[in-house]
Amino acid sequence: MYLYLNEVPRALYLVTSQQDERQGRPSRALVFRAAQGRTSQAVVEFLPKDEIDLSNAMKLTDRIVKGCLGLISVSGDLFLAVIVSSTEVGNIRPSASQAESIAKIHEVAFYSLTSAAWDDTISTNEAFGGHAFPDTDDYREPYPPPNSAGPSILEHPCAPLAKIISTGTFYYALEPYWDLSSRLSQRLERDQAAARDVGTYDERFVWNEYIARSLLDFRDRLDPAERADLDHCQFIVLAIQGYVGVFTLPLPAPPTNGSPIVATVTLISRLGWKRAGTRFNTRGVDDDGNCANFVETETIFSTDQHCFSYVQVRGSVPLFWEQQGLQTFGQKIQITRPHASQPAFERHFAHLSEEYGLVHAINLLGTKENEATLTNAYERSLRNAPELFAGNVNFTNFDFHHMVRMHGHDAIFQIFRRIDSVVDSIDKSGFTMADASTCEIITQQKGVFRTNCLDCLDRTNFVQDIISRIMLEQYLSLIRREWLHSGTLWSYHRELWAENGDALSRIYAGTGALNTSFTRSGKRTLAGISFSAQPPDPKIELLAGVLSDATKSVSRAYINNFQDKAKQVAIDVFLGNLSTQEQVTIFDPIHDLVNDALNRRLGEYSTTQPCTIFAGTWNLNGRPPSSESLLPWLFPRNNVPDPDILVLGFQEIVPLTAQQIVQTDPEKRRVWETKIVTTLARRPDPKSEYILLRSHQLVGTALLVLVKKELTAVIRNVEAASHKTGLRGMSGNKGAVGIRLDYYDTNFCFITAHLAAGHSNVEERNMDYKTITNGLHFLRGKTIDSHQNVIWLADTNYRIDLHNEHVRYLAQTDDYDALLAADQLKQVMDARGAFTGYTEGPLLFRPTYKYDLGTDNYDSSEKYRIPAWTDRILYKGDTLDLSVYSRAELKGSDHRPVFALFRAQVRIVDHALRSALARVLFENVTSTAPGEKLDEKLASLTFSSDGASDLPPPSSDNAAWWNDADHPNGVVPPERLTDVPPQSLARPYNPFDSPTDSPLSSSPSSSEEELYQALSLQAPIIPEPAQAPIARRAPPPPPLRSTKPHTLEQQSSPQ
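It should be emphasised that the depicted structure is a prediction, and the values quoted were computed from it without experimental measurement. (Residues numbered from 1 in each chain as written. Predicted model: local features only at pLDDT ≥ 70, side-chain atom pairs only at ≥ 80, totals over all residues. Heavy atoms only, no water.)

S.K.: Any chance you could explain the overall build of the protein chain here in plain terms?
M.R.: If you tally the helices and strands in the protein chain, you get 30 helices and 35 strands. Counting all 1055 residues of the protein chain, 53% fall into the buried class. Counting contacts in the protein chain only where the partners sit at least 6 residues apart, residues at least 24 apart contribute 71% of the total. With the model as given, the accessible surface of the protein chain reaches about 47500 Å², and the carbon-plus-sulfur share is 52%. (Helix = DSSP H or I, 4+ residues; strand = E, 2+ residues; numbered from the N terminus. Buried < 20%, exposed > 50% of the residue type's maximum accessible area, 1.4 Å probe, protein only. Contact = heavy atoms within 4.5 Å. Areas by Shrake-Rupley, 256 points an atom, 1.4 Å probe, with all protein chains shown as cover.)

Spelled out as structure tokens, the structure:
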């Protein structure tokens, strides 16, 4: 097929070629145009080729286009992604009734639907003189810095995406009737219609699903005949990332037949995209149970009689852990949610059990401190879930490095075969075997090995090679024992696994795999010196390959620390993970109307649940915990239910010395964590159990989030980030730490900060705030301001602009109004210099800074600091309702801790109910009465945009639209209710109104849910009498809104 451009109006035509048509493909064209007024919507048509005029169109490329990967919006432009170079890898089942061939993608190009600015800019690898990613370990593509404002003036906006897809690690099926993303047993179990349906695939492994989604939706809306033609043309291509290798070899035939049997051995690795990324940027598990570097690897052996398939998986340790900061050869591992990993851990193994049956986890981590920490946490999580798995999950620790040091690489194969638990799982799980001619499954694999090391690369690949060989030997011993001794077969098998290890390692870590010299040849090499597979001394074998592996390790350290962040951004853009992205849709007025209606009817498929949040901030002045109880701060009110979430921000948790700034000691934070957790557990009459959900530290600034234990299953996507502001962003003595989370379908962001000190440095503090707001980023493009609810709990360091003695006098006499009038933060917020859009509760407590340690006396030292409200809590969010804002009288620091209690409503979306409502709305819109045409009905539903309207003029300060002579004060006399224009009765009904008897017309809660909400409602704080409202010239129109008095419970500091 070829790609043409029509400039006026701008349109792209993907047209079948004469060669395609000679091969039996329909003569068709796929036409793309940008929708007017929207940068993320396209108009697509599937037309016969003879209905389009190409006389004024120009060929965008002389290359044959292999297919379309999808549509994506980048930098305000809409782009079409097409494959312009690929090569066939091979046919994995030559004896099947239809070929199953695979192609490797070498180059893609992105062409704009919206602008001609990029027509002369090369978005493929031609700009780099051929393939951007040669298969050499010492080459790495230059990605732009992740925080750069955008692409350079000469670089195509999609160049980073083109580089990712053009690495030679993306593959697709050459024939449209089979699915590369699914393993053999899945494909053979499907009925004939589903097996040949392009829309049937394993969504875990289709990497371009995000950018192809709009085209797949367009395909689904075609009638069956047109859909079949679209599939036959293969305009839409679904691609996997990973590795595919195919070898064909002759094997001895039975004595009755002299000609050899031709066999095909194939290895397919499918890399999951749901937690995709680079080595140090993507670790562990997410809240949905998706693991980093999750790969399904399938070994296929095919002859003219049978086809063998065996599947294994690998994936990062399924806990919340990460590696932050500069990473070298000593891995700095942090388990970020040690007490809240269990729900995600169980989801991961539940998914594996549902997908594969029995699961045997093989952990190859060693006994070093960091790896041992992960292993212990892994085993602990397994022990905590015995009832979930009921024997479906087995676990084996196998210290790979220790075994190699003791016995050498060549002995691992035999050692592994003697592990009883492994042998037992091999016997139970078996393999898949199918008849080559009928595709009938004879035996089916009933379990899977899940193997991991730290990166799931080198050690994992080595062990998976062993398991694959054991299973293939088991199969061969049943059908043709003499093939067990085929040197060619096992040579190809080793080569495939060595290439597989290199490919997966380049994707995740940037270099080829370590240890592949032994995997490839059964030998290890040192500077060209070859050792046999059985070296005379294990110590000699330890030196083998050291030069190559050392070079790769150094390359990995550089790549992972300095280049992978920008690559991670490009991956997230390709997968649609950035919070600022808008997925491309294809113009469809029906679905647009349905989506608008769904947004308006949110309350019908969602409910809300009350939530209480405690936020506290305290500058510790570098002090450790004292014997003083923290309960007056953490539980300041006896008549208020225990908060669901506790958020604690600390500043100067360590002394701000040069040593701490260079290398922060986390031990002080851990001491405070222990103190807080112990206080919560030992408080009198505890009604709730709390766990530490997440903590994060930047030198002296630390943030802790604790939640009720029962909420860990519904709090997801917990992330932490920090940003330095000291010494112009180079030092962490000042800065901010943020933690964000999703509580059901409502998101929260908590920020603790320590801003610039100094009484007169107001502008520096304002700049710190702006630097933090602009520079603190969470994963996938999320910022502070992209959240629905934000709470700052910080030592803002804003002071009071009055003389020292006057401030002390006003504080002692509790004259807060006079102090507030001179408060720097209030002045800054009024002038919109910082914290614009935020709210703070009334300051009805004394300044919290600075006290003589252990006393109620303000600073009497030589510096004699002016008292100030440096410690503040500010917030924004429609669901946040501040009920308490005060301070606690703890004397363990020169600051007093401040706290706030919030009430909020979190939304719970019933996605199944939403889908059902969408179907009802769609049917209401598309259903027509006898004689009614759908086009005419849709036209009648279109909202007028020409400004013509029979509505009255809008209200003004002097008049209200509803207050006229016929309706004084908006009252309609009863006799006027009969004055209804007859024509209004003939108006068509609202298609988005559900039938009155529809279960979707309202959203009643179940009795259990109503009871739960009734029991969980918080005791309201007794409101003060509301002030009389100020009279306005145009009061709100009827019906009158009922207003609830809103007051704050405040507490002044005691005398």
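And the narrative resumes.
S.K.: What should I look at first to understand the side chain of R846 in this one?
M.R.: Its location among the elements puts R846 in the loop between α26 (824-830) and β32 (871-876). The class for R846 is buried, based on a relative accessible area of 7%. A polar contact of 3.2 Å, which involves the side chain of R846, links it to the backbone oxygen of A811. (Polar contact = N/O pair within 3.5 Å; in protein donor to acceptor, adjacent residues only side chain to side chain.)

S.K.: I'm lost on the sheet that holds strand β5 (residues 58-59) in this one. Help?
M.R.: Strand pairing in a sheet relies on backbone hydrogen bonds. The paired strands run either parallel or antiparallel. Pairing is mixed across the open sheet formed by six strands, whose spatial order is β5-β1-β2-β3-β4-β23. Two strands close off the open sheet at either side, each with one partner strand: β5 and β23 (585-586). With two bridges joining them, strand β1 (residues 2-6) and β5 adopt antiparallel strand pairing. Following the sheet pairing, L5 is matched in β5 by M58. Lying on the sheet, helix α6 (residues 224-233) is in contact with β3 (28-34) and β4 (41-48); it crosses β3 at an angle near 95°. (Pairing = 2+ DSSP bridges. Axes fitted to C-alpha atoms, helices over the stretch in contact; angles between N-to-C directions.)

S.K.: Just checking my understanding: could you explain the packing of helix α19 (residues 589-600) against helix α27 (residues 911-926) for this structure?
M.R.: If you want to describe how two helices pack, look at the angle between their axes and the distance between the axes. Packing of α19 against α27 leaves a shortest axis separation of 10 Å and a crossing angle of 130°. The pairing of α19 with α27 is recorded here as oblique in orientation. α19 and α27 meet at a crossing whose hand is right-handed. Contact residues: I590, H591, V594, A597 and L598 in α19; R914, L917, A918, L921, F922, V925 and T926 in α27. (Parallel < 35°, antiparallel > 145°, perpendicular 65-115°, else oblique. Left-handed = near helix turned anticlockwise from the far one by under 90°.)

S.K.: Teacher, can you tell me more about the confidence of the model for the protein chain here?
M.R.: Parts of the model with low pLDDT should not have their predicted coordinates read in detail. Here the protein chain shows a mean pLDDT of 82. Residues at 70 or above account for 78%. Taken element by element, the predicted model of the protein chain shows its lowest mean pLDDT in helix α30 (residues 1007-1016) (38) and its highest in β32 (98). Per-residue pLDDT stays below 50 along residues 538-544; that stretch engages in 16 contacts with residues further than four places along the chain or on separate chains. (pLDDT = per-residue confidence, 0-100.)

S.K.: Which parts of the structure should I look at to understand the packing of aromatic side chains?
M.R.: Working definition: an aromatic ring pair is given by the centre-to-centre distance plus the angle between the planes. If you walk through the whole model with that rule in mind, you get 32 aromatic pairs. Measuring from centroid to centroid gives 6.3 Å for F614 and W633, while their planes differ by 70°, and the two rings are edge-to-face. Taken as a pair, F614 in strand β24 (residues 606-619) and W633 in helix α20 (residues 631-634) lie far apart in primary sequence, 19 residues in all. Accessibility classification places F614 together with W633 in one group, the buried group. Between Y769 and F835, the ring centres sit 4.3 Å apart and the planes meet at 35°, which makes this aromatic pair tilted. Within this pair, whereas Y769 is found in helix α23 (residues 762-775), its partner F835 is found in the loop between α26 and β32, the two being separated by 66 residues in sequence. (Phe/Tyr/Trp six-rings, centres within 6.5 Å; stacked < 30°, edge-to-face > 60°.)

S.K.: Please clarify how the pairing of strand β8 (residues 101-112) should be interpreted in this entry.
M.R.: Residues in a regular strand project their side chains so that they alternate between the two faces of the sheet. For β8, a buried count of eleven out of twelve residues is recorded, marking the element as mostly surrounded by other parts of the structure. Bridging between strand β7 (residues 77-91) and β8 involves eleven bridges; their strand directions are antiparallel. For G90, the partnering residue across the bridge sits in β8 and is I102. Here β8 pairs with strand β9 (residues 170-173) via three bridges, running antiparallel. In the strand pairing of β9, A103 is matched with Y172.

S.K.: Honestly, the packing of helix α10 (residues 400-407) against helix α11 (residues 409-417) in this entry has me stumped. Any pointers?
M.R.: With their axes 8 Å apart at the nearest point, α10 and α11 run at an angle of 115° to one another. When the interaxial angle is binned, α10 and α11 end up roughly perpendicular. Crossing of α10 against α11: the hand is right-handed. Between α10, through F400, M403, V404 and H407, and α11, the contact on the second element is made entirely by H409, D410, A411, I412 and I415. Here the residues of the contact of α10 with α11 sort into six nonpolar, two polar and one charged. (Nonpolar A, V, L, I, M, F, W, Y, C, P; charged D, E, K, R; others polar.)

S.K.: I would appreciate a short explanation of the environment of T612 in the present structure.
M.R.: Here T612 lies in strand β24. Separated by 32 residues in sequence, T612 and D644 have C-alpha atoms that sit 5.3 Å apart.

S.K.: Just to check I follow, could you spell out the side chain of N452 for this structure?
M.R.: Position of N452 relative to the elements: it lies in strand β20 (residues 447-452). With residues near it in sequence (within four places) discarded, N452 still touches G315, V317, I362, N363, L364, L365, Y378 and T460.

S.K.: When you look at the pattern of salt bridges in this model, what are you seeing that I'm missing?
M.R.: Between side chains of opposite charge, pairing is possible as soon as their charged atoms come close. All told, the structure shown has 56 salt bridges when counted by the stated rule. Linking R33 and E45 is a salt bridge whose minimum nitrogen-to-oxygen distance equals 2.9 Å. Of the two residues, R33 is situated in strand β3 and E45 in strand β4; the sequence distance between them amounts to twelve residues. For E604, the salt bridge is made with R601, and the minimal N-O distance between the two is 2.7 Å. Take E604 and R601: they sit in the same class, and that class is buried. (Salt bridge = Lys/Arg side-chain N within 4 Å of Asp/Glu carboxyl O.)

S.K.: Sorry, what's going on with the environment of D62 here?
M.R.: Structurally, D62 is set in the loop between β5 and β6 (67-74). By relative accessible area, which is 68% here, D62 ends up exposed.

S.K.: Just checking my understanding: could you explain the nonpolar core for this structure?
M.R.: Soluble globular proteins tend to bury their nonpolar side chains together. Counting residues in each nonpolar core, the largest one holds 60 residues, and the members touching the most others are F301, F416 and L476. In terms of residue count, helix α13 (residues 458-479) provides more of this core than any other element does, nine residues in total. Residues A615, V807, F845 and A904 belong to the second largest nonpolar core, which totals 50 residues. (Core = buried A, V, L, I, M, F, W, Y, C linked by side-chain atoms within 4.5 Å.)

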